[in-house]
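Each chain, letter by letter, is given below.
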Amino acid sequence: MAQLWGGRFTKETDRNVYLFNASISFDKRLYRQDIEGSIAHAVMLEKQGILTEEEKDAIVKGLSTIRSRLEEGSLEISDEYEDIHSFVESTLTKMIGDAGKKLHTGRSRNDQVALDMKMYVRGEIIEIDNLLKEFQKILLKIMEENLETYMPGFTHMQKAQPVTLAHHMGAYFEMLRRDRSRLQDIYERLNICPLGAGALAGTTYPLDRGYTASLLGFESPTLNSMDSVSDRDYVIELLSALSTIMMHLSRFSEEIIIWNSNEYGFVEIDDAYSTGSSIMPQKKNPDIAELVRGKTGRVYGALMGMLTTMKGLPLAYNKDMQEDKEGSFDAIDTTKECLLMFMQMMDTMKFRKDVMARSAAKGFTNATDAADYLVKRGVPFRDAHGIIGQLVLSCIEKGKSIDEMTLEELKSISEVFDADIYDAVSLKTCVEKRLTTGAPGISAMRGVIAEYRKYLKD
Ligand code: ARG
């Protein structure tokens, strides 16, 4: 048991209490942030005349050595320490002697842990954003290759109107664009430095908080010391953004699972990204997509957990807040892994364009266009809707699609039909005539793709 306190205690902490209280087993992943923050603190203390230059040099050198030894594996973080802060300070003091004991001047673990968590979240936001960007590149490539890959678009899981695979992928590109902009917002809001808030009420030492903030890449110092040590909004905001990313991935997974089913057969998942059955030799299962869909639950769970942990906390720091870590670490790891797996699966997936096009041609996806054909010939839309309804009924009875009906059969439903109806309701026309911004028509899509390319470059 190694802890930074104990002077006012007459008994040793109960072993189980010690273990219950300790966070080292999970906050050890914050060692880089803890060391970087400590170096900045020491540099500022010296600038302010609180440490001598020799003390500062010894501290900075010692901390840098600890960091490189941890990185190369010649030093290990042992669970005998209460938390990562205790480990770093005690190891430093063992290494450089008394100067190490001065590092914590004008600092509390409360502002220290808030700083570490903020720096950690900041770094993870950048990593997750990079993953989202890589995923967008893969989607854009699929889009560019499939501007004329026709497929049915659905509402209520019923075939509605034909679209293209490029258009369908573009919907996910948009979702990821919003995900990235949410992360950016969170980054900007959190990038204010809590270091120097002390335990809750600042400190009597003449700290230069603006200086440490700028050394650590923050915009400025926080303006209320009580809020600084008790704010975990940024963790909640990140978990909320991750939950939304996972919700998007989960919807995407659901579609891939459906498209990969025997009944649809729109896609074939690469052998390297699917799994088999121990009993049924014919099976090739979409396990990645199913796992991503399933893991969405634990990320939502982390968000709910954190909101609930924070809801009753009086100001300022309370130990409850130590619970911000395990759930958010798990949610971050899970989201990153899901993004990576899912994008690789997409990158290697085959699209069965013929099956998609055949499916789009069936199911009366051109019924709206048939009605529009009549409208262009002077029939009021509501009447046209009724006429095409009758036509669809007659097609179903005959087991034909609209374009398989003879002109005679069509004319028996409405005299307005003419030979040009066939071109007007062809799959190609139905897609290519949809040219409003954001629609699947090829030239509309090309404009959007040009914007996406520019966006990915910026
Ligand atoms: N392990 C603690 C946490 O994660 C560090 C802060 C401890 N502060 C305290 N006064 N006990 O929140």
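What comes next concerns the included structure.

Scoring rules and cut-offs
Residues numbered from 1 in each chain as written. Predicted model: local features only at pLDDT ≥ 70, side-chain atom pairs only at ≥ 80, totals over all residues. Heavy atoms only, no water. 1 Å grid on protein atoms, 1.4 Å probe; cavity = no way out; pocket = protein on both sides within 12 Å on 5 of 7 lines; lining within 4 Å. Points joined across faces, edges and corners; volume = space filled by probe spheres on them. Helix = DSSP H or I, 4+ residues; strand = E, 2+ residues; numbered from the N terminus. Nonpolar A, V, L, I, M, F, W, Y, C, P; charged D, E, K, R; others polar. Phe/Tyr/Trp six-rings, centres within 6.5 Å; stacked < 30°, edge-to-face > 60°. Buried < 20%, exposed > 50% of the residue type's maximum accessible area, 1.4 Å probe, protein only. Expected span 1.5 Å × (residues − 1). Near = heavy atom within 4 Å. Polar contact = N/O pair within 3.5 Å; in protein donor to acceptor, adjacent residues only side chain to side chain. Areas by Shrake-Rupley, 256 points an atom, 1.4 Å probe, with all protein chains shown as cover. Patch = residues over 30% accessible without salt bridge, like charges linked within 9 Å, V, L, I, M, F, W, Y side chains within 5 Å. Salt bridge = Lys/Arg side-chain N within 4 Å of Asp/Glu carboxyl O. Arc of directions from axis to C-beta. Contact = heavy atoms within 4.5 Å. Axes fitted to C-alpha atoms, helices over the stretch in contact; angles between N-to-C directions. Parallel < 35°, antiparallel > 145°, perpendicular 65-115°, else oblique. Left-handed = near helix turned anticlockwise from the far one by under 90°.

With that settled, consider the layout of surface pockets. Approximately 340 Å³ is the volume found for the largest pocket. Lining the largest pocket are 16 residues, with Asn260, Ser261, Asn262, Lys284 and Asn285 positioned closest to its centre. Those elements giving two or more residues to the lining of the largest pocket turn out to be helix H10 (233-260) and strand S5 (267-268). Across the lining of the largest pocket, the residue classes break down as four nonpolar, seven polar and five charged.

All told, the structure shown has 12 aromatic pairs when counted by the stated rule. Ring geometry for Phe173 versus Tyr452: centroids 3.9 Å apart, planes at 15°, classification stacked. With Phe173 in helix H7 (residues 165-190) and Tyr452 in helix H19 (residues 442-457), the pair connects residues that are 279 residues apart, well separated along the chain. Taken individually, Phe173 and Tyr452 each receive the classification buried, so the pair is uniform in this respect. An aromatic cluster of at least three residues, connected via ring pairs, comprises Phe135, Tyr172, Phe252 and Phe342.

A separate point is the environment of Leu75. Within the secondary structure layout, Leu75 lies in the loop between helix H4 (53-72) and helix H5 (84-96). Placed 60 residues apart in sequence, Leu75 and Arg15 show a C-alpha to C-alpha distance of 25 Å.

Taking 1.5 Å of rise per residue, the 28 residues of H10 would be expected to cover 40 Å, and the 40 Å separating its terminal C-alpha atoms lies within 8% of that figure. With 21 of its 28 residues buried, H10 lies for the most part within the structure.

Turning our eyes to something else, we now look at the site of the ligand. Taken together, the residues surrounding the ligand are Ser23, Asp27, Asp83, His85, Arg109, Asn110, Val113, Tyr317, Lys319, Gln322 and Lys325. Here a nitrogen atom of the ligand sits 3.1 Å away from a polar atom, N or O, in the side chain of Ser23. Within the side chain of Tyr317, a nitrogen or oxygen atom sits 2.4 Å from an oxygen atom of the ligand. Look at the ligand: alone it shows 340 Å² of surface, and the protein chains cover 86% of it. Per-class residue counts for the shell around the ligand are two nonpolar, four polar and five charged.

Taken together, Leu4, Trp5 and Phe9 make up a surface patch of nonpolar side chains, about 260 Å² in accessible area. When you line up the elements, Phe9 lands in the segment before helix H1 (15-21). Look at Phe9 and you get partly exposed, because its relative accessible area is 45%.

What follows deals with H19. Its 16 residues place the ends of H19 23 Å apart at the C-alpha level, agreeing with the 22 Å of an ideal helix rising 1.5 Å per residue. Every buried residue of H19 is listed here: Ile442, Ala444, Met445, Val448, Ile449, Tyr452 and Leu456. On an axial view of H19, the arc spanned by its buried residues comes to 145°, and they lie on one face. With respect to the buried face of H19, the exposed residues turned more than 90 degrees away are Glu451, Lys454 and Lys457. Where H19 is buried, its residues contact helix H6 (109-145), H7 and helix H18 (427-432).

Our next topic: the packing of H10 against helix H11 (residues 287-310). Close contact between H10 and H11 brings their axes to 8 Å; oriented N to C, the two are set at 160°. Classified by the angle between their axes, H10 and H11 sit roughly antiparallel to one another. As H10 packs across H11, the resulting crossing turns out to be left-handed. Tallied by class, residues from the contact of H10 with H11 come to 17 nonpolar, five polar and four charged.

Let's shift gears to the side chain of Asn285. Looking at the element boundaries, Asn285 is found in the loop between S5 and H11. In contact with Asn285, other than residues within four places in its own chain, are Ser274, Thr275, Gly276 and Ser277.

All right, on to unusual backbone geometry then. A negative phi angle is the norm for most residues apart from glycine, just as the trans form is the norm for most peptide bonds. For the bond from Leu315 to Ala316, the omega torsion is 0°, close enough to zero to count as cis. The topology assignment puts Ala316 in the loop between H11 and helix H12 (324-348). One non-glycine residue with positive phi stands out, namely Met157, at about 60°. Along the chain, Met157 turns up in the loop between strand S1 (150-155) and strand S2 (158-164). The backbone phi angle of Phe364 is positive, close to 55°, even though this residue is not glycine. With respect to the secondary-structure elements, Phe364 resides in the loop between helix H13 (353-361) and helix H14 (367-376).

This part takes up the packing of H11 against H12. It is the contact of H11 with H12, at a shortest axis distance of 9 Å, that shows an interaxial angle of 155°. Judged on the interaxial angle alone, H12 and H11 are roughly antiparallel. Relative to H12, the crossing made by H11 is left-handed. Contacts between H11 and H12 involve Ile288, Ala289, Val292, Lys295, Arg298, Val299, Ala302 and Met306 from the first element and Asp324, Gly327, Asp330, Ala331, Thr334, Thr335, Cys338, Met341, Phe342 and Met345 from the second.

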